[in-house]
Amino acid sequence: MATYGQTQYSPALQPTGPYTPYTQHTQGYSMPSYNIKTEDGLSHSPGQNSLLGYSSFNSSAPSQALYSYSTHGHSISPGIFQGTNAITGSTPFNQAQQDFPAYSSYSPSQYSPYYNTHHYNSPYITGSNLSPATITAPLAYQHPEHPVTLPNHSPEPHTGEYHPPPSPPTPGKEEGPARRSTDGKLRGRKRVNDPAPPLDSDIERVFVWDLDETIIIFHSLLTGTFSTRFGKDSSKAVSLGLWMEEMIFNLADSRLFFNDLEECDQVHIDDVASDDNGQDLSTYNFGTDGFQTPVGAGSMCLGSGVHGGVDWMRKLAFRYRRVKEIYNTYRNNIGGLLGSPKREEWHQLRREMEVLTDLWLTQALKALALINSRPNCVNVLVTTTQLIPALSKVLLYGLGSVFPIENIYSATKTGKESCCERVAQRFGRRAVYVVIGDGVEEESVAKKKNMPFWRVSCRADLEALSHALELDYL
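What you are looking at is a predicted structure, and each value in this text was computed from that prediction instead of being measured.

Each value, and the rule that gives it
Residues numbered from 1 in each chain as written. Predicted model: local features only at pLDDT ≥ 70, side-chain atom pairs only at ≥ 80, totals over all residues. Heavy atoms only, no water. Axes fitted to C-alpha atoms, helices over the stretch in contact; angles between N-to-C directions. Helix = DSSP H or I, 4+ residues; strand = E, 2+ residues; numbered from the N terminus. Parallel < 35°, antiparallel > 145°, perpendicular 65-115°, else oblique. Left-handed = near helix turned anticlockwise from the far one by under 90°. Contact = heavy atoms within 4.5 Å. Nonpolar A, V, L, I, M, F, W, Y, C, P; charged D, E, K, R; others polar. Buried < 20%, exposed > 50% of the residue type's maximum accessible area, 1.4 Å probe, protein only. Pairing = 2+ DSSP bridges. Arc of directions from axis to C-beta. Polar contact = N/O pair within 3.5 Å; in protein donor to acceptor, adjacent residues only side chain to side chain. Core = buried A, V, L, I, M, F, W, Y, C linked by side-chain atoms within 4.5 Å. Phe/Tyr/Trp six-rings, centres within 6.5 Å; stacked < 30°, edge-to-face > 60°.

A. Up close: the packing of helix α12 (residues 416-427) against helix α13 (residues 440-448). α13 packs onto α12 with a crossing angle of 45° between their chain directions and a minimal axis gap of 9 Å. Classified by the angle between their axes, α12 and α13 sit oblique to one another. The handedness of the crossing between α12 and α13 is right-handed. Here Lys416, Glu417 and Cys420 of α12 lie close against α13, whose contacting residues are Glu441, Glu442, Val445 and Lys448. Residues of the contact of α12 with α13, tallied by class, amount to two nonpolar, no polar and five charged.

B. Seen up close, the pairing of strand β5 (residues 205-209). Counting buried positions along β5 gives four out of five residues, so the element sits mostly inside the fold. Strand direction decides the pairing type here: β5 and strand β6 (residues 377-383), joined by five bridges, are parallel. Opposite Arg205, over in β6, you have Cys377 as the bridge partner. Pairing of β5 with strand β8 (residues 432-437), which is carried by five bridges, proceeds in the parallel orientation. Bridge pairing in β8 places Phe207 opposite Val434.

C. Fine view of the sheet that holds β6. Across the sheet, which stays open at both edges, the five strands sit in the order β7-β6-β5-β8-β9 with parallel pairing between neighbours. Each edge of the open sheet carries a strand with a single partner, namely β7 (408-410) and β9 (453-455). Strand-to-strand twist of the sheet, defined as the mean angle between neighbouring strand axes without regard to direction, takes the value 20°. Strands in contact with α13 are β8 and β9; relative to β9, the strand with the most contacts, it is inclined by about 160°.

D. Seen up close, α13. Of all the residues in α13, the buried ones are Glu442, Val445 and Ala446. Down the axis of α13, the buried side of the element spans an arc of 100°, and every buried residue falls inside it. Residues of α13 that are exposed and angled more than 90 degrees away from the buried face: Val440, Lys447 and Lys448. The inward-facing, buried residues of α13 contact α12, β8 and β9. The first or second residue beyond α13 is Asn450, which carries a positive phi of 60°.

E. Here's a closer look at the side chain of Ser227. Residue position: Ser227 is located in helix α4 (residues 225-230). Within polar-contact distance, the side chain of Ser227 engages the backbone oxygen of Gly224 at 3.0 Å. Residue contacts for Ser227: discarding those within four places in its chain leaves Lys232, Asp233, Ser234 and Ala237.

F. Quick look at the nonpolar core. Ranked by size, the top nonpolar core spans 71 residues in total, and within it Trp209, Ile215, Leu391, Leu399 and Phe403 carry the most contacts. Examining the composition of this core, we find that nine residues originate from one element, helix α7 (residues 310-330), more than from any other. With 20 residues, the next largest nonpolar core counts Val382, Val423, Val435 and Val445 among its residues.

G. A look at the side chain of Asp210. In this structure, Asp210 sits in the loop between β5 and α3 (219-223). In this structure Asp210 comes out as buried when scored by relative accessible area, which is 7%. A distance of 2.9 Å separates a polar atom in the side chain of Asp210 from a polar atom in the side chain of Lys416. If sequence neighbours within four positions are ignored, Asp210 has contacts with Ile215, Leu381, Val382, Lys416, Ile436, Gly437, Asp438 and Glu442.

H. Here's a closer look at the packing of aromatic side chains. In total, this model carries eight aromatic pairs according to the counting rule given. Aromatic side chains Phe230 and Trp360 sit 6.4 Å apart centroid to centroid with 75° between the ring planes, which places their arrangement in the edge-to-face category. Of this pair, Phe230 sits in helix α4 while Trp360 sits in helix α10 (residues 360-372), and the two are 130 residues apart along the sequence. Classification of Trp360 as buried rests on a relative accessible area of 4%. Consider the rings of Phe249 and Phe258, whose centres lie 6.1 Å apart with planes at 45°: the pair is tilted. Within the aromatic cluster, the residues linked to one another by ring pairs are Phe257, Tyr284, Phe286 and Phe318.

Take a look at the structure:
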């Protein structure tokens, strides 16, 4: 054919006879404005930018990304039907450009695999309705109704290839879970704001730490060992050691029931939890429950009940439960527990100790934080200090964030070997255990249990430990 841009038809679409010429009516075509409501809830018209400008749109209809309609000398921009479904604009038909022959319509029923006749109002002008009376008003664009599918916000790149589903999906049952599983923002938010702590059996590496002279410098300040070894002011070191000792036992006595529990020491905070009946302690008066009477040292922990009796054990469990609540509440906010003016005094003491010890604690905290950031690694503390003063030390030295109270063990009564056995039973034999300390006792235990041992005798050892952790050597 020589008309309509010299388009050559394939043999399957050859017309049965010549087309009768058609003289164009004087009235031009135009595209009226219409509104399409998009995902953002706003209505847009073709003149607006970013119409239907969401990143992904799935439909069971054929892709219109490559359609372009040409007229004599001009064309409707192919950008009208781009892959992002954006309509950038439309050019009204000029009457001088309409001199083309009419075509007899092809019924949509001939193309049932491609058109859904139930939802389509035919936009074609047939020979029966082709008359001046039928073109008295602009033709409105008929937006077809396609099966609705939820947009896919997956961060994965689109390949441009569309595979139609066998049947229209149910958004609530099929698209919903897939969308949740591929939404990167939801995944990230769940990882940062609601992390699931690993089970003890899932832990792959356990770092067993000593406390004094490994993480913190305390006992060597009182004895003068630290000042002698590292050339520090001996009187200043002893003064700071005594100051910290006073704060440790003041916190233990006033907040953590050390006066009641000094002679009732436990290895672990939950050792007497089985004797707790779960009573509400919000209005419980620990001072008048008769747990102990100030008789003498030999009768400590002998209250109105018999030592070791059910009533006495229940009151003992109440105190350890209350200690656990206080620790968990203030483990990251010891200043709130101390109150003023003790809080300001504690800040000053910490600053002076860090200067004297050349940031020993800061370097230890760096290594602890590296371990704590790993999903399948854990820090465990085994110390020869009694449990309540040990908790007081952990809080005052700012270690609560890296040592959950369940990971703190006191070896005062049983020794470090027994504590390490408990730790191994808790986390399992498949985990790798690394012992970190400065003394002979923890080194011998590590050797006996066939556990790697990292000796800390100076600040440089802590720096080397942090470096090894950063390189994933440990």
